Amino acid sequence: MSLLPAGKRLAFAAQGERQCLGVWRAGRWIVCPYGAVLDGASAKDQCARCAQLDRSRSVAADTMADDPRPYGVYLAYFGPGLLKVGITAAERGPARLVEQGAVAYAWLGRGPLMAARRAEALLGSALSVPDRFAKAAKRAARGALPPVPERAAELAQLYCAARQLAGWPETLEPVEFACADHTELLGLDRIPGEVAELGGMTPGAEIVGEVLTGVGADVYLRLAGVGAEVGVGAKVGAGTGAGERERGAGAAGGVAGAVGVMDARLLSGWVLGPAVGEATTVPVRAAARGAGEREREREGMGGQEGLF
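Computed from a predicted model, the values in this text were never measured in an experiment.

**Observations concerning the pattern of salt bridges**
(1) Moving on: Scanning the model with the defined rule gives 14 salt bridges in all.
(2) Moving on: The salt bridge partner of Asp-263 is Lys-135, with a shortest N-O separation of 3.1 Å. Of this pair, Asp-263 sits in strand β13 (residues 255-263) while Lys-135 sits in helix α4 (residues 135-142), and the two are 128 residues apart along the sequence.
(3) Moving on: Classification of Asp-263 as buried rests on a relative accessible area of 1%.
(4) Moving on: On the basis of relative accessible area, Lys-135 is assigned to the partly exposed category, the value being 31%.

Right under this line is the structure:
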């Protein structure tokens, strides 16, 4: 977040092809031995074979059960009704919550990895608390968040219900309830109610705009060349017809009214160079909203970043 402060102007273009990042080992990326080319619209920055190798020694994939580090169990709040349970290495503190873009959170317990896993599974089976939400559900909730006391109350209610469950792991030490809110840290008050979504990059596609804030992998931008009138179903940029582009685009020479959100993970694997033009040319679409969609997302549709 420190590299993308509010007010910073971005103007870059994708060059060449999007390449697999390879495998993360000993604190660095090892080049993909297959030279794999990735889909520009996917949040995955590895090819299937490199991802499989990475997960061969992974807490998230349950292939590292002998990890001796203590783990914390947390409850994370992303919006009304959007509460999840998760675990993270205690040494990381709240870093994982910030990476996920949690609006607020509270620690539930701390102990060995397998005890933390059992607590996570217990909340899932006994209280139907999920361990993930899709990106669309998180984004939809950010534009209309309730006051901080209401968020804390919802977390506290779940915390109390969790602590009263039978079968709580004996080796998991309870942590007293305390709600931490990320409104100021994540700049949540700078996110408007209506936000468009930027699609994936393609060779030569450009993004030009001014940073409003960053929430997890999402970067919110006031877009250049995209008018504030972008509405439901509207598209602007690469792949659209001239008529659509004229209706959606603002003045090419400056930052227009539309605010868009970009998943920064879609940039991984691209070589980025300076933008040639003065307008965003990737596809821009209005974010779909509604209770029906949110319920579908809560049922597990869509993907999520790595858990740890």
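**Quick word on the nonpolar core**
Inside soluble globular proteins, nonpolar side chains tend to come together where they are buried.
(1) Moving on: Counting residues in hydrophobic clusters, the biggest one holds 34 residues, and the most contacted among them are Val-73, Leu-75, Leu-108, Leu-123, Trp-168, Leu-172 and Tyr-220.
(2) Moving on: Taken together, the elements giving at least two residues each to this core come down to β4 (71-79), β5 (82-89), β6 (104-111), α3 (113-127), α5 (148-163), β10 (206-215) and β13.
(3) Moving on: The element best represented in this core is α3, accounting for six residues.
(4) Moving on: One finds Ile-207, Val-211, Leu-221 and Ala-258 within the second-largest nonpolar core, a separate group that totals 19 residues.

**Some details on the packing of aromatic side chains**
(1) Moving on: Applying the stated criterion to the full structure yields five aromatic pairs.
(2) Moving on: Seen from their ring centres, Tyr-74 and Trp-107 are 6.3 Å apart, and the 85 degrees between their planes marks the pair as edge-to-face. Of this pair, Tyr-74 sits in strand β4 while Trp-107 sits in strand β6, and the two are 33 residues apart along the sequence.
(3) Moving on: Residue classification places Tyr-74 among the buried positions, given a relative accessible area of 1%.
(4) Moving on: With 6.2 Å between their ring centres and 75 degrees between their planes, Phe-78 and Phe-133 make a pair best called edge-to-face. One end of the pair, Phe-78, is in strand β4; the other, Phe-133, is in the loop between α3 and α4, with 55 residues separating them in the sequence.
(5) Moving on: An aromatic cluster of at least three residues, connected via ring pairs, comprises Tyr-74, Tyr-105 and Trp-107.
(6) Moving on: One cation-aromatic arrangement involves Arg-49 over Tyr-34; the distance from NZ or CZ to the ring centre is 3.7 Å.
(7) Moving on: We note Arg-163 situated over the ring of Trp-168; from NZ or CZ to the ring centre the distance is 4.8 Å.

Reading the values: rules and limits
Residues numbered from 1 in each chain as written. Predicted model: local features only at pLDDT ≥ 70, side-chain atom pairs only at ≥ 80, totals over all residues. Heavy atoms only, no water. Salt bridge = Lys/Arg side-chain N within 4 Å of Asp/Glu carboxyl O. Helix = DSSP H or I, 4+ residues; strand = E, 2+ residues; numbered from the N terminus. Buried < 20%, exposed > 50% of the residue type's maximum accessible area, 1.4 Å probe, protein only. Core = buried A, V, L, I, M, F, W, Y, C linked by side-chain atoms within 4.5 Å. Phe/Tyr/Trp six-rings, centres within 6.5 Å; stacked < 30°, edge-to-face > 60°. Lys NZ or Arg CZ within 6 Å of the ring centre and 35° of its normal.

Keep in mind that these numbers describe shape and distance, not what the molecule does.
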